[in-house]
Each structure stands twice: as structure tokens, then as C-alpha cells.
Amino acid sequence: MIGFKHRRRGLAALFRAHAAAILFAAAPAFAQHMGPDFGAKGDDNQGSIELVDPKTLRVCADPNNLPFSNDKGEGFENRIAEFLAKKSGKSLAYSYYPGATGFVRNTLNAHLCDVILGMPQGNDLVQPTNPYYRTTYAIVTRAGSELDGVKSLDDPRLKEKPHRIGLVANTPPGNVLAMNGLMASVKPYPLMVDTRVESSGAAMIHDLEKGEIDIALLWGPIAGYYAKHSSEKLNVTLLPETAGARMAFRIGFGVRHADQNWKRELNTLVAQNKAELERILLDYGVPLLDESGHQITVAR
């Protein structure tokens, strides 16, 4: 989500997560089959039979969902997976499945992999670890445009004359736009997409670059990544928390509900490698918030 209520039913590209995420939701969560690797489970470091293969970090991921992951290893979750595998002395393998209905059921809960690297706290389809980052929704504007510098959705400039506002349907910024009477200005983009062939975030940034919309409202990791890689100069401003519309979410890893020892191992990795994880995220343009709501610009 993050439209997270909806993302519990289907994964869209952040929250992963994503939505989160686009990466952040999935369908109802019980395996319909146990998958070919079910019999390969072995003891984890605590002696509990939880992992598909205790010598391999097996990651559940979308094969085409940048900035989170792809099958070429180009997303920040791919980088995080490589880092975690190295730190834990494991080899790395993926179980890829499009970010859509059935993601959790056909990957994690089918015992084809052992961890989803971007799940929002509060998503009950999986057991979350401690969060390794906190991020929020963002405003993206063209540098030097008349809306550049807008920091909130009650800015008078949004009402002075008609503007086109890009919004992913059923995401929290829409609630704020509605409260400010701006829904008539919205150009909607779908929350649920087939990530194999389309990306609402990429489409919205393309429209912003071409002037077809004047402002883009996106999940922070998507906004930061595409702004960083744009051919145009784009500015990213984090949306403030607003009564009635939560904007910021903590993101952790997702494991099976029964995997307590594996969860503890991942929590230890998060605690011991906070700065390294933040550096990876910042390198991809992911806007990070501390617990006081202040933006983190340098890994701590």
C-alpha cells in the first residue's frame, strides 16, 4: 500500500512495498500446494526446521518491479538480498512471481522461498520482522514549474487555476485531495497492474516530464527512484502526515507466521546493519524518515 487495505488483497508495485508497494500486499495467504522444494527444508541456525535450505537465502520477489526488484538484480531489494546473503554466509536464490493476486500464496507460503524483502507493518498475510526503513508518500514536480516548491496538498496554488494531478487510485494522498476539493483535477493511474508489462509509477513520471500532468503523487521509493533517473530535473517533496490520511509506513521483511527463529535471525541482521541498509536505500533515492518524522539524508 498505501492503499494498504487494498494491498492486503493484491500486490502492486512498495511497499513494496513494495506497494509497496506496489510490493506491499498480496492475496489470501494459505498455500494450495507445497511446491517442489518443500522436502528440501532443513535446520536453521537455531536448530528449528523452518527454512527451505539453511545454506541459501531464498527470496520471494517480483521479476519486473523496479525500483524494488527485477530478475536482472537491479532493484534495491536485490541489493539488500545480496548484502544479507553475504552477511549470513549463504548463497542467494530467488523465487520470482508477478506482483499480483496470489504472490504470497505462490511463493512464501508454497515454501519456494523464505522471505519477502518489503512488507509494511500491519500486513497480516505474513509475519513481519522489525522494520529496516520508514518512508512516506511524496510530491514530484518539475524544477522551475509554477508548482515547484509545493509542500502540502492544501497549498493555495493547487486551487488558483486548474492543474492536472497524477494519483494512483485508492492511495492515501487521494483522501487529502478529496478533503481539499481537488479530486476533479486528478488524472488517475491504476493501483493494480500487471508488473510484467506496465508500471503506474513510470507512466506517471513520463506524463510529468511531458507536461501532461503538473504534479505527481507517488509512494516515496517510486518517486525518489524515477526522479533520480529522469531526463528532466524533478524535485521530490515528502508529504506531511495529515489527519485522516496516514502517509508514512514502516517497512520490514515478511516471513511465514510459524518461522520464529528465522524472524529473530533477520531482526538481528537488521539491528546490526542499519547504516549499511540505509546506504543502499539512499543510493536508490528512497526517502527515509526517522521516528520523529525528520528526513534522513545520510546513513547513520
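The structure under discussion appears in the preceding block.
A short tour of the structure in this document, coming up. (Residues numbered from 1 in each chain as written. Predicted model: local features only at pLDDT ≥ 70, side-chain atom pairs only at ≥ 80, totals over all residues. Heavy atoms only, no water.)

## Some remarks on unusual backbone geometry
Cut-off, in case you're wondering: Think of it this way: any DSSP run of H or I at least four residues long counts as a helix, any run of E at least two long counts as a strand, and we number them from the N terminus.
Cis peptide bonds are those with omega within 30 degrees of zero, and the linkage from Leu66 to Pro67 qualifies with 15°. Residues other than glycine seldom take positive phi values, yet Asn170 does so here, at roughly 65°. Position of Asn170 among the secondary structure elements: in the loop between strand 10 (165-168) and helix 6 (173-179).

## Quick word on the pairing of strand 7 (residues 115-120)
Condition: Only protein chains enter the accessibility calculation, which uses a 1.4 Å probe; a residue is then buried when its area is under 20% of its type maximum, exposed when over 50%, and partly exposed in between. The rule for pairing is simple: two strands pair if DSSP sees at least two bridges between them.
When you tally the buried positions in strand 7, you get six out of six residues, the bulk of the element. Bridge count between strand 3 (residues 56-61) and strand 7: two bridges; the pairing is parallel. Bridge assignment links Val59 to a residue of strand 7, and that residue is Val115. Note: strand 7 against strand 14 (residues 248-255), three bridges, orientation antiparallel. Looking at the pairing, Met119 lines up with Gly252 of strand 14.

## Focus: the nonpolar core
Threshold: Joining through side-chain atoms within 4.5 Å is the link that ties buried Ala, Val, Leu, Ile, Met, Phe, Trp, Tyr and Cys residues into a set, and such a set is a nonpolar core. Contacts are assigned to residue pairs that have any heavy atoms within 4.5 Å of one another.
Residues Phe76, Ile80, Val115, Leu117, Tyr132 and Phe253 are the most contacted members of the largest nonpolar core, which totals 68 residues. Among the elements that line this core, the one with the most residues is helix 3 (residues 76-88), at six residues. Other than its neighbours up to four places away in sequence, Ile80 contacts Leu117, Tyr132, Phe253, Leu277, Ile280 and Leu281. Grouped together as the second largest cluster of nonpolar side chains are nine residues, Val104, Cys113, Ile116 and Val126 included.

## Here we look at the pattern of salt bridges
Here is the rule we go by: What makes a salt bridge here is a side-chain nitrogen of Lys or Arg within 4 Å of a carboxyl oxygen of Asp or Glu, nothing more.
The tally for this structure, following the rule as stated, stands at twelve salt bridges. One salt bridge in this structure joins Asp207 and Lys187, with 2.8 Å as the shortest N-O distance. Of the two residues, Asp207 is situated in helix 7 (residues 200-209) and Lys187 in strand 11 (residues 186-189); the sequence distance between them amounts to 20 residues. For Asp207, a relative accessible area of 9% puts it in the buried group.

## Things to note about the packing of aromatic side chains
What counts, and what does not: For Phe, Tyr and Trp, where Trp contributes only its six-membered ring, two rings pair if their centres lie within 6.5 Å, and the inter-plane angle classes them as stacked under 30 degrees, edge-to-face over 60, or tilted in between.
Taken as a whole, this structure holds ten aromatic pairs when the rule is applied. Arranged with centres 6.3 Å apart and planes meeting at 90°, the rings of Phe76 and Tyr133 form a pair that is edge-to-face. Here the residue Phe76 occupies a position in helix 3, and Tyr133 occupies one in strand 9 (residues 133-142), the gap between them amounting to 57 residues. The class of Phe76 is buried, set by a relative accessible area of 0%. Both rings, one in Tyr94 and one in Tyr96, keep their centres 5.0 Å apart while their planes meet at 15°; by these two values the pair is stacked. Classification of Tyr96 as partly exposed rests on a relative accessible area of 29%. Grouped by ring-pair contacts, the aromatic residues Phe68, Phe76, Tyr132, Tyr133, Tyr225, Tyr226, Phe253 and Tyr284 constitute a single cluster.

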